[in-house]
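Residue-level structural notes
Now for the letters of each chain:
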Amino acid sequence: MANIKSEQLRSDLSLELEYDQPLSTKEMIKKLINILGKNNCETTKINNKNILIYNHDNKKEYLLLASITYMGGNGQHPIYKKRMQLKKWYKDIVILFENKKNVNVRFIGMYHYKDNIIISEIVKNTYLKKKMNSSAAHIYTNDLFQAMKEGIFKRVDRNKNKIVSIKYIKFKDYLDGKLSTQNELFTLFDIFNNNFNFGNWLPANKAIVEMYEAKWPNWKETEWPGWYLEYKFNKFILDYSIENKIKYVGSSHKKAEEFDFDLWFDEENFYGDLKASDISAREAPGNDQETFIDCINKYDKFWYVIYEHETIKDSKENNYEATRFRTNFIKNKNEWNKNKKWDELSYHKRMKNSVKFVQMSIIELNRINFRDALDDFNQGRQPSGNLRKPKFKITKNNIDNFIVFQYEFIELSE
């Protein structure tokens, strides 16, 4: 495949469009010996392949090395998408040592550009189930960026493969088990997700009543799945007393000087926004462009927390059940807007009858990458005829490079 320019990450965390600069196996071994220590390393040949062995704590780590490079082609692959080629003989080495005590085989990729080196381990378990004739592990620019910024970054891709990317100077600590991949905020999202209503159909009438009884100020809103998500997440924050980690700062909890987003991560000093989105939709509306750019420039980092759901629309077939319930419930609670004419079928064309949340993801944006993740969203005009403020939209098929955390509900078979 043709070697064309792609995204390259410099040691100062800036990006540029340039050609790959992969190292040879001999050069990669030399770099790793330098960081792991000459006295801890040895090299051997197995089936005429050069293998680096790292010795520590009475264990031998066989490191099978390959370069991380652009996917290639003539532009059909995104410029942020890289790969580590997994050779067929990797599996032979694993089988050779699988019954040997205190021996471990690792698949290790090395990214090199100018003076920057980043290492990725492709956790072998899921790949060993494949024939590996022409397998490749996909690694994104964002994986490398996060590793440089945080020291270590773990991602689970859509095929349940685990990729751990590590800053070069931290690689010895990683192999020695001194570098944790655990992120406290991700742990909190895991706790919330494990107790959230994933995998069950949630009807509008149940959600609306629950929000009303909890005195949630937005219980009347028509786009109830998003408000229900915000209600449940705010309740989780309060129940677990974690406002020092995450605060809900949605519209009814906001001070005038704050940005108009849902979440504030207090210890790490950045904003985020909760989004409930139909899983069949190709895009999700983002935020006001001017406000978002101001926020990115001030805090550098932003999280979109996207919860996706399957949807049953309210329709003639079910006699607009959810629409009628909502309007009558509002009326019976004496909450119908006195300046608005009573309309039992108000908003019936867009009303959702029920939703089932099935997965979520967090995409992380910063001043370098946000324009690649977001597109302009055509909002049209306000009822007055004036143009609305321009918004961004999140294009779902373009977010893999920005995902830092994922959760997918898996239904257990009986």
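You'll find the structure just up there.
Presented here is a report on the structure given in the accompanying data block. (Residues numbered from 1 in each chain as written. Predicted model: local features only at pLDDT ≥ 70, side-chain atom pairs only at ≥ 80, totals over all residues. Heavy atoms only, no water.)

**Quick notes on the pattern of salt bridges**
Using the following cut-off: A carboxyl oxygen of Asp or Glu within 4 Å of a side-chain nitrogen of Lys or Arg is what we treat as a salt bridge. Secondary structure elements are defined from DSSP: runs of H or I of at least 4 residues count as helices, runs of E of at least 2 residues count as strands, and each element is numbered from the N terminus. Throughout, exposure labels follow a simple rule: accessible area from a 1.4 Å probe, protein chains only, divided by the maximum for the residue type, with under 20% read as buried, over 50% as exposed, and the rest as partly exposed.
Evaluated as defined, the whole model comprises 23 salt bridges. Its salt-bridge partner being Lys235, residue Asp239 comes within 2.8 Å of it at the nearest N-O pair. Here Lys235 and Asp239 lie together in helix α7 (residues 224-239), a separation of four residues that amounts to about one turn. By relative accessible area, which is 37% here, Lys235 ends up partly exposed. In this structure, Arg324 engages Glu344 in a salt bridge whose closest nitrogen and oxygen atoms are separated by 2.9 Å. With a gap of 20 residues between them, Arg324 in helix α9 (residues 321-332) and Glu344 in the loop between α9 and β18 (352-366) connect regions that are remote in the sequence. Through salt bridges with shared partners, a single network forms among Arg10, Asp12, Glu16 and Lys114.

**Section: unusual backbone geometry**
With the exception of glycine, most residues fall at negative phi, and the peptide bonds are largely trans. A positive phi angle, near 50 degrees, is found at Asn47, a position not held by glycine. Assignment of secondary structure puts Asn47 in the loop between β3 (41-46) and β4 (49-56). Phi at Ser241 is positive, roughly 50 degrees, even though this residue is not glycine. You can see Ser241 is positioned in the loop between α7 and β13 (247-248). Note on Ser241: relative accessible area 60%, which makes it exposed.

Note that all results are geometric; they support no functional claim without further evidence.
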